[in-house]
Amino acid sequence: MRKKVAFYTLGCKLNFSETSTIARNFNDEGFDRVDFSENADIYVINTCSVTENADKRFKTIVKQAQKTNPDAFVAAVGCYAQLKPEELVSVDGVDLVLGATEKFKITDYIHDLSKNEFGEVHSCEIEEADFYVGSYSIGDRTRAFLKVQDGCDYKCTYCTIPLARGISRSDTLQNVLKNAKEISEKGIKEIVLTGVNIGDYGKGEFGNKKHEHTFFELVQALDAVEGIERLRISSIEPNLLKKETIDYVSGSRAFVPHFHIPLQSGSDFILKKMRRRYLTNLYVDRVKKIKDVMPHACIGVDVIVGFPGETDDHFLDTYNFLSQLDISYLHVFTYSERDNTVAASLDGVVSMGARKKRSKMLRGLSVKKRRAFYESQLGSERTVLFESENKEGYIHGFTENYVKVKMPWNPLYINTLNRVRLTTIDDDGIVRFDLIVEKLAV
């Protein structure tokens, strides 16, 4: 009998791509993948430590696995596993914790799946995480997440990612193109480029700091790969989103007009305290450039509220800055103190009540921004890629510029591209449409 393995992924698109790669390694070792809610011989939890909430959820997920199968082997990998392995291994039921250099070797550690009286930790000094392991996700969703870069050399004062993932390093261009072709040959229509700091692509491509290729060259090369219908850039730093890249995307065959650009604060004073590598004037410049060449482009923004030293006036600077900016939606993060970061020891701690209030205000602004963007797209013709889930009798999809649409459930439309005209916005904020051309790509 083949043994069964189940996975739970916390955090970002990068984690999803790595979980999928680890799952394929298990399959090669004779395991069958099952849903995390099902009985399995081993449960693997890919952890995140960007927010305090992700830390807390780990214990709940371990309990869920133990409830399903008390005798199952439980392993933890990922960022939290690198940062605080002893904390994870002390959680009741955890048998194995693997750090940054070990997670892709997990099948080497699990030949004996009997429960351990004491959990094992195999981690490293983060300086040892100086090699690159490529990965991509398939089978989980309609789109695939393709990892092109890992680690970060930036030293933002609030962030633990460099401590959890190490220095910035990249996949070779040749391997990225090979993985993209493999994905397209499996019938997946959309690839999302992911990494920790993807605009830094090229650094460490051959185990050194020389830039053999740039992110712009990566974009050009991927656009030429036959069989890929859509390419989407995930989060990219504003200072690394060059104007030549924006211009290229505007006329690209496959890259879609959707950018997600972290801002973090609309106050230059706070940006400096965060040690971000730009100020608000550069951010305005990038948004203006995108909208000049792609007026229909969707622009998402990351923002942090409650950073130490953020007064009410600083927050209002952020709120007003975002309110006036031609953006489409926000991802709002409430600042949480992280061990071993500079920000954790800064003066001017913001109360949790103020943090929550500011978060609520920006989430409300995000709703307004998204609604305004959707309204601006009504009457336009777009191409929709439909998802695979039946949600309350509807099939959902996204246009190339990230407008979410729906129609009554019809499984024939799963993973197909269809030309539509956007017509109305439902009460739930999702857009309805008229079909113009069905199944451009099946």
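Coordinates for the structure precede this section.
Predicted, not measured: the structure shown is a model, and the values here were computed from it.

Draft legend 1. The side chain of Ser366, seen in detail. Looking at where Ser366 falls in the secondary structure, it is placed in helix α12 (residues 352–377). Residue classification places Ser366 among the buried positions, given a relative accessible area of 8%. Reaching out from Ser366, the side chain makes a polar contact with the backbone nitrogen of Leu330 at a distance of 3.0 Å. Here Ser366 is in contact with Ser328, Tyr329 and Leu330, once residues within four sequence places are set aside.

Draft legend 2. Representation of the packing of helix α7 (residues 215–223) against helix α8 (residues 243–250) in the model. Contact geometry for α7 and α8: axes closest at 9 Å, N-to-C directions at 15°. In terms of axis orientation, α7 runs roughly parallel to α8. Note on packing geometry: the crossing formed by α7 with α8 is left-handed. On the side of α7, the interface is formed by Phe215, Phe216, Val219, Gln220 and Asp223, while α8 contributes Glu244, Thr245 and Tyr248.

Draft legend 3. Layout of the packing of aromatic side chains. According to the stated counting rule, one finds 16 aromatic pairs in the structure shown. Aromatic side chains Phe36 and Tyr43 sit 5.1 Å apart centroid to centroid with 70° between the ring planes, which places their arrangement in the edge-to-face category. Taken as a pair, Phe36 and Tyr43 share a single burial class, namely buried. Seen from their ring centres, Phe58 and Tyr80 are 6.4 Å apart, and the 85° between their planes marks the pair as edge-to-face. Residue Phe58 is found in helix α2 (residues 52–68), and its partner Tyr80 is found in helix α3 (residues 79–83); the two are separated by 22 residues along the sequence. For the pair Phe58 and Tyr80, one class covers both residues: buried. Site record: aromatic cluster; members linked through ring pairs are Phe7, Phe26 and Phe31. Taking NZ or CZ as reference, Lys406 lies 4.2 Å from the ring centre of Tyr394, over its face.

How each quantity is defined
Residues numbered from 1 in each chain as written. Predicted model: local features only at pLDDT ≥ 70, side-chain atom pairs only at ≥ 80, totals over all residues. Heavy atoms only, no water. Helix = DSSP H or I, 4+ residues; strand = E, 2+ residues; numbered from the N terminus. Buried < 20%, exposed > 50% of the residue type's maximum accessible area, 1.4 Å probe, protein only. Polar contact = N/O pair within 3.5 Å; in protein donor to acceptor, adjacent residues only side chain to side chain. Contact = heavy atoms within 4.5 Å. Axes fitted to C-alpha atoms, helices over the stretch in contact; angles between N-to-C directions. Parallel < 35°, antiparallel > 145°, perpendicular 65-115°, else oblique. Left-handed = near helix turned anticlockwise from the far one by under 90°. Phe/Tyr/Trp six-rings, centres within 6.5 Å; stacked < 30°, edge-to-face > 60°. Lys NZ or Arg CZ within 6 Å of the ring centre and 35° of its normal.

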